[in-house]
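Descriptive analysis of the structure
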Amino acid sequence: MTNKNVNSVDLRGDFDGKKKFDFSGGKWKRTVFIILFLAYPVLNWLVFFLFVNIDSIKLAFQTYSYEKGGYVWVGFDNFSNVLKSFFSADAHPQYRYGIRNSLYIFIWNTFVILPISLLCSYYFYKKVWGENFFKVVFYLPSIIMPVALCMLFSFMFSTNYGPVNAILKAIGLGGIIPQNGWFGDSKTVFPMVLLFSLWSGIGYNVIMTAGSIARIPPEIFEAGKIDGINMTKEFTQIVVPLIMPTVSTMFMMGIAVSFSYFLPSMLLTNGGPSGEGYTIAYLITNRVSSGSLNEAAAIGWCAAIVGTPLVLLGKFVIDKFVPDVEF
């Protein structure tokens, strides 16, 4: 048997047929570093995902009884009440608008913001005139805190001192300004939320897609130039197909965002007139803040029951039809 250091176990030792771990020197420090590095995300997942979701499952099947002074099990009563609220004719409009607006968010992210992001990324990649200026315009909102962005956007369209209204009046378009303000009119309140999502969210999408375009080998573009293709064909036939994995990821994120989009609706519209500004996520947040935890849990799990198959279906379609391209 070979001599071994008394302070460590030789990795080459094979007393039981398995390699022994070395607790000395750099390997032990590396192990401690890895454990500490992973401790925070694991603890965060245990507390804010596992514990919260387990607790929300219990709350969805319970209600608070003042007679007994605690929560009691009520079976599927909370789910039944939620479904009636969503689909009954006399339900509060915020439920109906919550479903409608969450669907609008998904359509807006997928068919408006994503294509515009792709075009802007390609525009920056080609280094055409004004690219540095537009980079600042697009990227700046993505590095500012969402709360500050909402305050800034609300100020821009303020009825009393907003610069947008002042400009519209100066050019003779003051008649299009709603009488109750952009956030107080039922016809404009949620379109303003969509406009905010375009202004604030396009920078992140541009960063994602620009990075994918930059990884495309230059030889591919050079071959396209030799074949005499123009910028339109280069974008549609080379760039988009080769960054489809990134595009598909952003598509999946769009599905998830449609069920979790609440902060702009809350800060900009406070629900809007007659509930026009509500989304599913804001409806849940509103129920939590009002103390209706059981209803909020039931709404959340109804959204999860609907959203999970949609995400899985989207992933299945993407895996089946989107080529896996890596550079």
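Here the structure is a predicted model, which means the values were calculated and not measured.

Moving on, we get to the overall build of the protein chain. Assigned secondary structure in the protein chain consists of 13 helices and 2 strands. Taking all 327 residues of the protein chain together, 35% fall into the buried category. A separation threshold of at least 6 residues defines the contact pool for the protein chain, and within that pool the share at least 24 residues apart is 61%. If the 24 positive side-chain charges of the protein chain are averaged to one point and the 19 negative ones to another, these points end up 3 Å apart.

Within the largest apolar cluster, 17 residues are counted, with the highest numbers of intra-cluster contacts made by Val-82, Phe-86, Leu-283 and Ile-299. Elements that contribute at least two residues to this core include exactly α1 (25-60), α2 (77-87), α12 (280-289) and α13 (293-321). If one sorts the elements of this core by residue count, α13 sits on top with 6 residues. Residues within four places of Leu-283 in sequence aside, it is in contact with Phe-86, Gln-94, Tyr-95, Tyr-278 and Ile-299. Of all hydrophobic cores here, the second largest spans 16 residues; its members include Ile-105, Ile-177, Met-192 and Tyr-261.

For the structure shown, the criterion picks out 3 salt bridges. Put simply, Arg-100 and Glu-276 hold a salt bridge, and the shortest N to O gap is 2.9 Å. Remark: Glu-276 occurs in the loop between α11 (263-269) and α12 and Arg-100 occurs in helix α3 (residues 93-125); sequence separation between them is 176 residues. Taking relative accessible area as the criterion, Arg-100 reaches 26% and is therefore assigned partly exposed. Among the salt bridges present, the one from Lys-126 reaches Glu-234, with a minimum N-O distance of 3.1 Å. Taken as a pair, Lys-126 in the loop between α3 and α4 (131-139) and Glu-234 in helix α9 (residues 231-242) lie far apart in primary sequence, 108 residues in all.

Here we come to the confidence of the model for the protein chain. Confidence in the prediction for the protein chain averages 82 pLDDT; 91% of positions are at 70 or higher. Taken element by element, the protein chain is modelled with least confidence in α4, mean pLDDT 74, and with most confidence in helix α6 (residues 163-170), mean pLDDT 90. The low-confidence segment residues 1-15 (pLDDT under 50) makes 20 contacts with residues lying over four places distant or belonging to another chain.

With 33 residues, α3 extends 45 Å between its outermost C-alpha atoms, agreeing within 8% with the 48 Å of an ideal straight helix rising 1.5 Å per residue. Helix geometry: α3 is bent most strongly at Asn-109, by close to 35°. Phi turns positive one or two residues past the end of α3, at Lys-127, with a value near 55°.

Moving on to the side chain of Thr-269. Turning to its location among the elements, Thr-269 is positioned in helix α11. In this structure Thr-269 comes out as buried when scored by relative accessible area, which is 9%. Among the polar contacts made by the side chain of Thr-269, one reaches the main-chain amide nitrogen of Gly-271 at a distance of 3.1 Å. Discounting chain neighbours no more than four positions away, the residues touching Thr-269 are Phe-183, Val-189, Val-193, Pro-264 and Gly-277.

Calculation rules
- Residues numbered from 1 in each chain as written.
- Predicted model: local features only at pLDDT ≥ 70, side-chain atom pairs only at ≥ 80, totals over all residues.
- Heavy atoms only, no water.
- Helix = DSSP H or I, 4+ residues; strand = E, 2+ residues; numbered from the N terminus.
- Buried < 20%, exposed > 50% of the residue type's maximum accessible area, 1.4 Å probe, protein only.
- Contact = heavy atoms within 4.5 Å.
- Lys, Arg positive; Asp, Glu negative; His and termini not counted.
- Charge placed at Lys NZ, Arg CZ, Asp CG, Glu CD.
- Core = buried A, V, L, I, M, F, W, Y, C linked by side-chain atoms within 4.5 Å.
- Salt bridge = Lys/Arg side-chain N within 4 Å of Asp/Glu carboxyl O.
- pLDDT = per-residue confidence, 0-100.
- Expected span 1.5 Å × (residues − 1).
- Bend = angle between axes of the 7 residues up to and from the residue.
- Polar contact = N/O pair within 3.5 Å; in protein donor to acceptor, adjacent residues only side chain to side chain.

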